[in-house]
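Summary of structural features
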Amino acid sequence: RASARDGVNEADSAPSSLMTRRALATTFSALATAVTMCPAPARAANPFEALGAARRATNARFLMGPVALSRARLTNLRRDVVDYADVDALEKKIAEATLDCLQPRGILDSYSKVKDVCTLSILARSATDGPASFNDPSSAESIDVYAALDAARASYTALEDVLLPTLTDDASARDNAKIDAAFDASDDALKAFASALLACFRFADADARAIVDAVPGAFVAR
């Protein structure tokens with residue numbers, strides 16, 4: 001498995017996954033220079049500060065979207081997992097739900113040799129190395145978000161290890177409690193990752209709450 005530092009739209013094929021990665025890269029590049037044209041608050045002392053705050057909020061909301069997507073896909077996978085009858089179909093759905101953060105397969109395997117294809121890793125890097133936000137590698141924010149990233153990827157691996165054997169096991173012997181626990185662990189890890197990602201922006205409490213309210217799928221219990 002690749003380490004955390006190595007290195008939203010339904011993806012139904014490896015080429016579309018590559019398009020998603022390229023779209024993320026293009027958007028992150030744009031974030032470095034784009035200015036969100038929002039009216040400055042009437043009482044703002046410095047309009048440039050208001051514009052900067054609006055841009056940071058936009059960046060934060062953008063980064064939370066893929067986390068919410070992964071949680072939604074995991075919820076759907078949990079509901080439909082009994083419908084998959086072969087390993088290839090299940091592996092494809094697991095890869096989609098985990099945003100290519102497990103061992104890349106097919107065309108993504110080659111692409112991953114030169115580019116990071118794990119969406120969560122791309123988000124963490126953008127929140128620490130820019131352009132979405134900047135944090136020193138030794139800061140608590142950087143350390144926490146990469147620890148949360150490692151935990152999320154480990155939970156994905158554990159989930160895959162639990163799910164794949166269900167295709168060959170007798171259905172009556174399936175450990176549903178173990179499967180549910182693995183899904184719960186991944187969901188909890190994603191919520192923790194979203195919180196660590198948000199902390200990288202160092203928002204005041206009210207501003208952080210606004211991000212949670214804007215993208216509840218990344219944070220709220222299901």
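All figures in this text were calculated on a predicted structure; none of them were measured in a lab.

1. What to know about helix H7 (residues 176–199)
Along its 24 residues, H7 runs 35 Å from first to last C-alpha, staying within 8% of the 34 Å computed at 1.5 Å per residue. Three or more residues of H7 are buried, namely Ile179, Ala182, Phe183, Ser186, Asp187, Ala189, Leu190, Phe193, Ala194, Ala196, Leu197 and Leu198.

2. A closer look at the state of the cysteines
Here the structure, examined in full by the defined rule, presents one disulfide. Across a sulfur-sulfur distance of 2.0 Å, Cys101 and Cys118 are joined as a disulfide pair. The S-S bond linking Cys101 to Cys118 shows a torsion near 85°; that makes this disulfide right-handed. Within this pair, whereas Cys101 is found in the loop between helix H3 (87–97) and helix H4 (107–111), its partner Cys118 is found in the loop between H4 and helix H5 (119–128), the two being separated by 17 residues in sequence. You'll find Cys101 and Cys118 in the same group, each marked buried.

3. Notes on the packing of helix H6 (residues 140–163) against H7
Put simply, H6 and H7 touch, their axes get as near as 8 Å, and they point 160° apart. Viewed along their axes, H6 and H7 adopt a mutual orientation that is roughly antiparallel. Crossing geometry of H6 relative to H7 is assigned as left-handed. Residues belonging to the contact of H6 with H7 are distributed by class as follows: 20 nonpolar, two polar and three charged.

4. Notes on the environment of Pro131
Tracing the chain through its elements places Pro131 in the loop between H5 and H6. Pro131 sits in the buried class, given a relative accessible area of 19%. Along the backbone, Pro131 and Arg56 are 75 residues apart, and their C-alpha atoms lie at a distance of 10.0 Å.

5. Focus: the packing of H5 against H6
Packing of H5 against H6 leaves a shortest axis separation of 10 Å and a crossing angle of 180°. Of the possible angle classes, the one that applies to H5 and H6 is roughly antiparallel. Across the interface between the two elements, Leu120, Ser121, Ala124, Arg125 and Thr128 from H5 touch Ser142, Val145, Tyr146, Leu149, Ala152, Arg153 and Tyr156 from H6. For the contact of H5 with H6, the class distribution of residues is seven nonpolar, three polar and two charged.

6. Focus on the packing of aromatic side chains
Overall, the coordinates contain one aromatic pair when judged by the stated rule. Between Phe201 and Phe203, the ring centres sit 5.5 Å apart and the planes meet at 5°, which makes this aromatic pair stacked. Residue Phe201 is classed as buried on the basis of its relative accessible area of 1%. On the accessibility criterion, Phe203 (15% relative accessible area) is buried.

7. Considering the pattern of salt bridges
Evaluated as defined, the whole model comprises nine salt bridges. Of the charged contacts in the structure, one is a salt bridge between Asp80 and Arg79, with a shortest N-O distance of 2.8 Å. For Arg79, a relative accessible area of 57% translates into the label exposed. We note a salt bridge from Arg202 to Glu141, for which the minimum N-O separation is 3.0 Å.

8. Some thoughts on the nonpolar core
Met64, Val67, Leu120, Leu163, Phe193 and Leu197 are the most contacted members of the largest nonpolar core, which totals 51 residues. Of all the elements in the fold, those that place two or more residues in this core are helix H2 (47–80), H3, H5, H6, H7 and helix H8 (205–214). Among the elements that take part in this core, H7 stands out by supplying 10 residues, more than any other. Not counting residues up to four positions away in its chain, the partners in contact with Leu120 are Val67, Leu99, Cys101, Leu149, Ala152, Tyr156, Leu190 and Phe193.

Thresholds applied
- Residues numbered from 1 in each chain as written.
- Predicted model: local features only at pLDDT ≥ 70, side-chain atom pairs only at ≥ 80, totals over all residues.
- Heavy atoms only, no water.
- Helix = DSSP H or I, 4+ residues; strand = E, 2+ residues; numbered from the N terminus.
- Expected span 1.5 Å × (residues − 1).
- Buried < 20%, exposed > 50% of the residue type's maximum accessible area, 1.4 Å probe, protein only.
- Disulfide = S-S within 2.5 Å.
- Axes fitted to C-alpha atoms, helices over the stretch in contact; angles between N-to-C directions.
- Parallel < 35°, antiparallel > 145°, perpendicular 65-115°, else oblique.
- Left-handed = near helix turned anticlockwise from the far one by under 90°.
- Nonpolar A, V, L, I, M, F, W, Y, C, P; charged D, E, K, R; others polar.
- Contact = heavy atoms within 4.5 Å.
- Phe/Tyr/Trp six-rings, centres within 6.5 Å; stacked < 30°, edge-to-face > 60°.
- Salt bridge = Lys/Arg side-chain N within 4 Å of Asp/Glu carboxyl O.
- Core = buried A, V, L, I, M, F, W, Y, C linked by side-chain atoms within 4.5 Å.

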